[in-house]
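# Results of the structural survey
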Amino acid sequence: MQDQFALQPAGQTSVSILIGIAVFIDLSVGAALFFGGNNGLPTLLALLVVLAVSGLFLWIAFAQFRSRIELSDSELILHVPLYGRRIPLAKINAMQIQPISNLPASSYQLTRRTNGLGIPGYSLGWFRTRGKGKVLAAVTSSRVLAIPVRDDYTLLLSVVDAEALTRRLRSR
């Protein structure tokens, strides 16, 4: 049996920014093609790459609404755009899980993005923190759950029901 815990989706501002980036990319390339002419294969390849990148932004904008954590008998499965993974429960340090009620004022404050997406209201991917090292973040609010993993990183997640997830992880 698998338990599921929803992650808090990003707000309207974050979704609007992601959609705006995709539209801007598409309009820029469309204008360049319209006013710059058609150069054959290089133009076609550039168009395909740009459409793929804008599609990626749109996918992230809407896939984050289905972000969740699943707990099976043996692993935690993180379902987030691009950075989803399976983590064996044996690698999770359940007794050190802590809720963070004010992320910007904590030692888990995200300071540097090393691989990911950082827009107002939505941080997704790998980050460095002010005092806790490397984190894999799916953060949409200042209230997060810090889940230490024995592979030298911490999951930093905006979980809708953080208390229930903590209880479940500690009981396994």
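All of the points below concern the structure found in this document. (Residues numbered from 1 in each chain as written. Predicted model: local features only at pLDDT ≥ 70, side-chain atom pairs only at ≥ 80, totals over all residues. Heavy atoms only, no water.)

Applying the stated criterion across every chain yields a total of one aromatic pair. Taking the centre distance of 5.1 Å and the plane angle of 75° together, the rings of Trp-126 and Tyr-153 count as edge-to-face. Of this pair, Trp-126 sits in strand S7 (residues 122-129) while Tyr-153 is found in strand S10 (residues 153-157), placing the two residues 27 residues apart along the sequence. One residue, Lys-134, lies across the ring of Trp-126, its end atom 5.3 Å from the ring centre. (Phe/Tyr/Trp six-rings, centres within 6.5 Å; stacked < 30°, edge-to-face > 60°. Helix = DSSP H or I, 4+ residues; strand = E, 2+ residues; numbered from the N terminus. Lys NZ or Arg CZ within 6 Å of the ring centre and 35° of its normal.)

Let us look at the side chain of Thr-129. You can see Thr-129 is positioned in strand S7. Looking at Thr-129, its side chain comes within polar contact range of the main-chain nitrogen of Lys-132, at 2.8 Å. A polar atom in the side chain of Thr-129 sits 3.0 Å from the backbone nitrogen of Gly-133. Beyond its immediate chain neighbours, meaning those up to four positions away, Thr-129 contacts Ser-107, Tyr-108, Gln-109, Leu-110, Thr-111 and Val-135. (Polar contact = N/O pair within 3.5 Å; in protein donor to acceptor, adjacent residues only side chain to side chain. Contact = heavy atoms within 4.5 Å.)

Below, the discussion takes up the environment of Leu-117. By secondary structure assignment, the location of Leu-117 is in strand S6 (residues 110-119). When its relative accessible area of 12% is taken as the criterion, Leu-117 is described as buried. A C-alpha to C-alpha distance of 18 Å links Leu-117 and Val-50, two positions 67 residues apart in sequence. Excluding anything up to four places from it in sequence, Leu-117 contacts Leu-18, Phe-57, Ile-60, Tyr-122, Ser-123, Leu-124 and Phe-127. (Buried < 20%, exposed > 50% of the residue type's maximum accessible area, 1.4 Å probe, protein only.)

All told, the structure shown has one cavity of 30 Å³ or more when counted by the stated rule. Looking at the largest cavity, the residues that line it are Leu-7, Gln-8, Gln-64, Ser-67, Val-80, Tyr-122, Ala-138, Thr-140 and Ser-158. (1 Å grid on protein atoms, 1.4 Å probe; cavity = no way out; pocket = protein on both sides within 12 Å on 5 of 7 lines; lining within 4 Å. Points joined across faces, edges and corners; volume = space filled by probe spheres on them.)

Moving on, we get to unusual backbone geometry. With a phi close to 70°, Leu-82 is a non-glycine residue in the positive phi region. You can see Leu-82 is positioned in the loop between strand S3 (75-79) and strand S4 (85-88). One non-glycine residue with positive phi stands out, namely Asp-152, at about 70°. Here Asp-152 is to be found in the loop between strand S9 (144-149) and S10. Under the relative-accessibility criterion, Asp-152 is labelled exposed at 66%.

The next point concerns the packing of helix H1 (residues 12-36) against helix H2 (residues 41-63). Close contact between H1 and H2 brings their axes to 8 Å; oriented N to C, the two are set at 170°. On the basis of their axis angle, the class for H1 and H2 is roughly antiparallel. As H1 runs across H2, the sense of the crossing is left-handed. Contacts from Val-15, Leu-18, Ile-19, Ile-21, Ala-22, Ile-25, Asp-26, Val-29 and Leu-33 in H1 reach Thr-43, Leu-47, Val-50, Leu-51, Val-53, Ser-54, Phe-57, Leu-58, Ile-60, Ala-61 and Phe-62 in H2. (Axes fitted to C-alpha atoms, helices over the stretch in contact; angles between N-to-C directions. Parallel < 35°, antiparallel > 145°, perpendicular 65-115°, else oblique. Left-handed = near helix turned anticlockwise from the far one by under 90°.)

The next point concerns helix H3 (residues 162-171). Listed in full, the buried residues belonging to H3 are Ala-164, Leu-165, Thr-166 and Leu-169. As for H3, its buried residues are in contact with strand S1 (3-6), strand S2 (68-71), S3 and S9.

Time to look at the sheet that holds S4. Spatially, S1-S2-S3-S4 is the arrangement adopted by the four strands of the open sheet, whose pairing is antiparallel. With partners counted over all chains shown, the strands left at the sheet margins are S1 and S4, one partner each. With direction set aside, neighbouring strand axes in the sheet form an average angle of 20°. Across four bridges, S2 lies against S3 in antiparallel orientation. What sits directly across from Ile-69, in S3, is Leu-78. (Pairing = 2+ DSSP bridges.)

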